[in-house]
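# Observations on chain architecture
If you want the building blocks of each chain, they are given just below.
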Amino acid sequence: MEGLLHERIINGREAARRVRAEVASEVARLGAQGVVPQVAFVRVGDDPASAIYVNAKARACAEVGVRSSHLHLAASSSEAEVRRTLEALAADEDVDGILLQLPLPSGIPDLQLLNAIPPEKDVDGFHTLNLGAVVAGRGPLEPCTPAGIMRLIGMLGVEVRGKEAVVIGRSVVVGRMMASMLLRADATIAVCHRHTAALREHVARAEVLVVAAGVPGLVPGAWVREGAWVFDVGSTRMPDGRISGDVEFAAARERVAGITPVPGGIGPMTIAQLLVNTVTAAQLRRGLVPFVIKRA
Ligand code: NAD
């Protein structure tokens, strides 16, 4: 945990930098064998946040030596057009990873399209088989945000075995997967969501708290248990342009053992995990021993 915690603030940027450095050295090792991992980003429509996210991911790829391409389809594209694009990438031998940036324009269902990406190229870990693998045990390609949080927990040396862990948010790709990963790490889990009564009582019990609701200020600092570890996934752009998490940061910080800031906490770890998944996919497709970064 050396250098990752300063006055109870968890430095997600530094943690992510360390993961990226490990990825970069693995990419260099692969390069010496003539293998350059390649990921394709597919973006549909003109959601400005999606453009920013894809550019940030492409920059991170370039930094570690992963090749990336960016396919941008018009907002008016049909489901069939998006599917054809994904199928072409699925058949392309040079492409190791495919990422369909969400959200899709309204009217295009995402579940079927996510499942049109072959599981072995699914670097976001959103294919139903990859999601199921998290619950059944451990998959090679797991969803980046919860996997990144588990990795951060491991880097911080936080012991979750036997602890009370509370996850707020039950989205299929974040909250539910987070709960499954904490459960397999032997924590005792509560999953809260928009219909949870007495959210405060659950938060007060949490020794490990992960908040992924997208509701700024949802968790007042005074609710947080003394000595808790808090991971704030929330990422909401406010009217003044700032990005806000879901936890009242300044007040929570006074009580916790550690808390991730927004920005600079979970976001960079999510992107670092995408790079891990891309290199892992490239290795598995070639029958090479997969890049294993120890996870909690
Ligand atoms: P989602 O909208 O799919 O799910 C939100 C969940 O929060 C739902 O399960 C809902 O029941 C719950 N919720 C909503 N209001 C609530 C309330 N008042 N009380 C309790 N629970 C409530 O969102 P998601 O895709 O899981 O993302 C959640 C947040 O995390 C968003 O802000 C998103 O932008 C952010 N996010 C950040 C990263 C990152 O890399 N930093 C990655 C993924 C998601």
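To keep things clear, this report deals only with the structure shown in the data block.

Parameters and conventions
All residue numbers refer to position in the chain's written sequence, counted from 1. Predicted model: local features are reported for residues with pLDDT of at least 70 only, side-chain atom pairs are reported and counted for 80 or more only, and whole-chain, interface and lining totals are derived from all residues. Side-chain calculation: all heavy atoms of the structure are included, whereas hydrogens and water are not. A pair of strands is considered paired only if DSSP assigns at least 2 bridges between the two. Helix and strand definitions follow DSSP, with helices as H or I runs of at least four residues and strands as E runs of at least two, each counted in order from the N terminus. As a rule, the C-alpha atoms of each element are fitted with a line to give its axis, helices using only the stretch in contact, and angles between N-to-C directions run from 0 to 180 degrees. Whether two residues touch is decided by their heavy atoms; if any such pair falls within 4.5 Å, the residues are in contact. It suffices for a single heavy atom of a residue to lie within 4 Å of a molecule or strand for the residue to be listed as near it. Any N or O atom pair separated by 3.5 Å or less is treated as a polar contact, with the protein-specific requirement of one donor-capable and one acceptor-capable atom, and with residues adjacent in sequence counted only for side-chain atom pairs. Here the accessible surface of atoms and residues is derived via Shrake-Rupley with a 1.4 Å probe, and residues count as covered only by protein chains that are part of the display. We call Asp, Glu, Lys and Arg charged. Ala, Val, Leu, Ile, Met, Phe, Trp, Tyr, Cys and Pro are nonpolar, and the rest, Gly among them, are polar. As used here, the term nonpolar core means buried Ala, Val, Leu, Ile, Met, Phe, Trp, Tyr and Cys residues forming a set that is joined through side-chain atoms within 4.5 Å. Exposed residues in this analysis have more than 50% of their type's maximum accessible area, buried residues have under 20%, and partly exposed residues fall in between, with area computed by a 1.4 Å probe over protein chains only.

## Some points on the sheet that holds strand β3 (residues 38-44)
With respect to topology, 3 strands assemble into an open sheet ordered β4-β3-β5, the strand pairing being parallel. With one partner strand each, in any of the chains shown, β4 (67-73) and β5 (97-100) form the two edges of the open sheet. The sheet shows a mean angle of 20 degrees between the axes of neighbouring strands, taken without regard to direction. Note that β3 and β4 share 7 bridges and pair parallel. Note that in β4 the partner of Q38 across the bridge is R67. Contacts from helix α2 (residues 48-64) reach β3, β4 and β5, with the element oriented near 170 degrees to β3.

## Digging into the site of the ligand
What surrounds the ligand is a group of 18 residues, the closest being R170, S171, R194, S235 and T270. The side chain of T270 places a nitrogen or oxygen atom 3.0 Å from an oxygen atom of the ligand. For the ligand, whose unbound accessible area comes to 860 Å², protein coverage reaches 70%. Residue composition of the shell around the ligand, grouped by class: 7 nonpolar, 9 polar and 2 charged.

## Description of the nonpolar core
V23, L182 and F231 are the most contacted members of the largest nonpolar core, which has 56 residues in total. Setting aside residues no more than four positions away along its own chain, V23 makes contact with V64, L275, V276, V279 and F291. Counting 17 residues, the second-largest nonpolar core is a separate cluster that includes A40, V42, L89 and L114.

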